[in-house]
Amino acid sequence: YNSTGAYALLLAQFGNGWSLRAGVSYSMDRSSEMDTEDYMEIYPNVGVLKSYVINDSTTAIFDASIGSHQAKIEELPFTTGDSHEEELSNIEYAASYAINYELMSFTIIPKYKVSYKSYDEGLNKNRDDMIHDLNFKIEYPLSESLKISTFYDYSTRNTDGTEQNQDFKNYDYGIVLG
């Protein structure tokens, strides 16, 4: 597969810590063997962000957004007649809260995010997802432009409105150099 992605953003920042944004992203997966566009998504979204200082070493960040995932997929051969090319399209509402804590040279970042997605096409008609994500990250600078970080992420999804069980729990962890 060949993948393409692009993002455009308009951002307004204010002196009181609030920011407003409007953006649109584009993603596409193309089969290199079949020369077909198997997945495409345009995602216009708007959001608000507020950051504020808790104390000398701690900053909090609140983020909320709404967006419309306008996706198209190739119809899969094993699906029923109810399948629809836009069945991954959905409206997403999301909010997150993070704390950045500086301890010596380390930055410790716990973050919680909740999102709600509503689908209305094909096999996903009347599907609703509630996703919770808890993330914990520790960063350490190796130089002015290079840092090492480790993270742990736990996600759950509860789905209503479909015959298939789409619920999941996911654990991720890793080390990143960048």
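About the cut-offs
- Numbering of residues starts from 1 in each chain and follows the order in which that chain's sequence is written.
- Local features in this predicted model are restricted to residues whose pLDDT is 70 or higher, and side-chain atom pairs enter the listing and the counts only when it is 80 or higher, whereas totals over whole chains, interfaces and linings include all residues.
- The side-chain quantities take in all heavy atoms of the structure and omit both hydrogens and water.
- Strands pair, by our definition, only if DSSP identifies at least two bridges between them.
- Only DSSP runs of H or I reaching four residues or more are called helices, and only runs of E reaching two or more are called strands; each is numbered from the N terminus.
- Every axis corresponds to a line fitted to the C-alpha atoms, with the helix fit spanning only the stretch in contact, and the corresponding angles, defined between N-to-C directions, vary from 0 to 180 degrees.
- Pairing of aromatic side chains here covers Phe, Tyr and the six-membered ring of Trp, requires ring centres within 6.5 Å, and sorts the geometry by plane angle: under 30 degrees stacked, over 60 edge-to-face, intermediate tilted.
- By definition, being over a ring means that NZ of Lys or CZ of Arg is both within 6 Å of the ring centre and within 35 degrees of the ring normal.
- Think of it in three bands: with a 1.4 Å probe and only protein chains considered, a residue is buried below 20% of the maximum accessible area for its type, exposed above 50%, and partly exposed in between.
- Any pair of N or O atoms that falls within 3.5 Å is considered a polar contact. Within protein, one atom must be able to donate a hydrogen and the other to accept it, and sequence-neighbouring residues count only if both atoms are side-chain atoms.
- Any two residues whose heavy atoms approach within 4.5 Å are treated as being in contact.

Caption draft 1: View of the sheet that holds strand β3 (residues 36-55). The strand order β1-β2-β3-β4-β5-β6-β7-β8-β9 describes an open sheet built from nine strands, whose pairing is antiparallel. Each edge of the open sheet is held by one strand with a lone partner, namely β1 (2-13) and β9 (168-177). Recorded for the sheet is a direction-independent mean angle of 15° between the axes of neighbouring strands. One ladder, built from 12 bridges, connects strand β5 (residues 90-103) with strand β6 (residues 106-119); its direction is antiparallel. By the bridge assignment, Tyr 101 is partnered in β6 with Ile 108.

Caption draft 2: Structural view of the packing of aromatic side chains. By the definition in use, this model includes three aromatic pairs. Between the NZ or CZ atom of Arg 127 and the centre of the ring of Tyr 119, over which it lies, the distance is 4.4 Å.

Caption draft 3: Representation of the side chain of His 69. Mapped onto the elements, His 69 comes out in strand β4 (residues 58-73). Residue classification places His 69 among the buried residues on the basis of a relative accessible area of 10%. Polar contacts involving the side chain of His 69 include one to the side chain of Glu 92, which spans 2.7 Å. The residues contacting His 69, other than those within four sequence positions of it, are Glu 41, Ile 42, Tyr 43, Ser 89, Asn 90 and Glu 92.

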